Every structure is written in C-alpha cells, then in structure tokens.
Number of protein chains: 2
Amino acid sequence: MSKSIFYHAGCPVCVSAEQDIIDLVGSANVEVVNIGEDKSRIPEAEAAGVKSVPALVTPNGNALHINFGASMADVKG
Amino acid sequence: MSKSIFYHAGCPVCVSAEQDIIDLVGSANVEVVNIGEDKSRIPEAEAAGVKSVPALVTPNGNALHINFGASMADVKG
C-alpha cells in the first residue's frame, strides 16, 4: 500500500489530528510533514489540493482536510 | 480495536470521503451511518462533537471533520 502524507504546521489542532490519524491508519502507512518548518514542501502540498492544515493526502491523491488548524496563507506567514 | 463511526448525509463530498476513509482504515474498522436517512442517530453524532458531515468519530471519541459537505443544521433540514 502506498503511503498517505499528513501535512501539518505544528498547531494544536494539527497535533491532535496527527495522533488520531496515526492511530487509525498506522504510523507505517503515513508520512508526516510539518510544512510550517519545511516550507519547501508547501508547493507539493498545494499541488495535491491542500487548502488548510491539518490535511491528509491519500495514496490515490485525494486531499482530506481534517478539522481546521490554519490556512495555507497562515502557514506561509 | 474499537470501530470508528463515519457520519455522512449522502452528499457528493460525503461519498468521496467515505471511500477514502474505508480505503485507509478498512471497512471492518468503521461503521458508516447516514444521518440524512437515519435522523435518530443525529443526537448521538452531536454528542460526539460532530458539527458537519462528513465526519469520523475515532475509537477514542475525537470528532474529525473531513472536508465539508453539510452542516448539522442542513442535515436536520
């Protein structure tokens, strides 16, 4: 199974959602990317359709926005 | 592992998210409830913190709102 990618920016909503997603999907099946710290990954996240964080991009390329922590504009600062 | 519960109301956003969640979590690990059709389950969803659908309530009781299909007010009609 391909990995999902969980994009977040360290916000409290993000951290809570990250733990839930890892519990549900399994840590082996998800790559966690902090785009607040690693801004070089922001274009890739936006290309995948990520509008806000936390978000999970599934192996088939769908962006699932989970709750709402911060918009991409907020992450870019 | 306890089951998660995926609440939806039959909207296109809901159906797409449902397939993604089942792919990620496994159909054996999630109960799917259409609260648009089965309105008797709305109070239980609201008690779990569901504000909009589609939403996934995890085994530990967290409500994850996934993208945005419809508010609970819309579902109640």
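Everything discussed here concerns the structure shown above.
Presented here is an overview of the structure given in this document.

Conventions adopted
- Residues numbered from 1 in each chain as written.
- Chains lettered and ligands numbered in written order.
- Predicted model: local features only at pLDDT ≥ 70, side-chain atom pairs only at ≥ 80, totals over all residues.
- Heavy atoms only, no water.
- Helix = DSSP H or I, 4+ residues; strand = E, 2+ residues; numbered from the N terminus.
- Expected span 1.5 Å × (residues − 1).
- Buried < 20%, exposed > 50% of the residue type's maximum accessible area, 1.4 Å probe, protein only.
- Contact = heavy atoms within 4.5 Å.
- Buried area = accessible area lost by both parts, 1.4 Å probe.
- Polar contact = N/O pair within 3.5 Å; in protein donor to acceptor, adjacent residues only side chain to side chain.
- Least-squares fit on C-alpha atoms with pLDDT ≥ 70 in both.

## Quick notes on helix α1 (residues 12-25) of chain B
Within an α-helix, residues lying three or four positions from one another point in the same direction, as the helix has 3.6 residues per turn. All names here are of chain B. Given a rise of 1.5 Å per residue, 14 residues ought to cover 20 Å, and the 20 Å separating the end C-alpha atoms of α1 matches this to within 8%. Taken together, the buried positions of α1 are C14, A17, E18, D20, I21, L24 and V25. Two residues or fewer past α1, G26 is found with a positive phi of approximately 95°.

## What about the interface of chain B and chain A?
The partner chain A presents 19 residues to the 18 residues of chain B that form the contact. A buried area of about 1,300 Å², summed over both sides, lies between chain B and chain A, and 54% of it is on carbon and sulfur atoms. Of all residues in chain B, D20, L24 and L64 of chain B give up the largest surface area on contact with chain A, accounting jointly for 43% of the area buried on that side. Here chain B and chain A share six residue pairs in polar contact (both at pLDDT 80 or more) between them. Of all elements in the fold, only α1 and β4 (63-71) of chain B reach the threshold of two or more residues within the side of chain B that touches chain A. Top contributing element to the side of chain B that touches chain A by residue count: α1 of chain B, with seven residues.

## Observations concerning the relation of the copies chain B and chain A
With an RMSD of 0.0 Å, the fit of chain B onto chain A corresponds to turning through 180° and sliding 0.0 Å along the axis. Given the turn and translation reported, the copies of this chain are related as if by a two-fold rotation axis. The position closest to the rotation axis in chain B is occupied by the C-alpha of I66 of chain B, lying 2.3 Å away. Looking at the interface residues of chain B, 100% of them are also at the interface in chain A, so both copies use one shared face.

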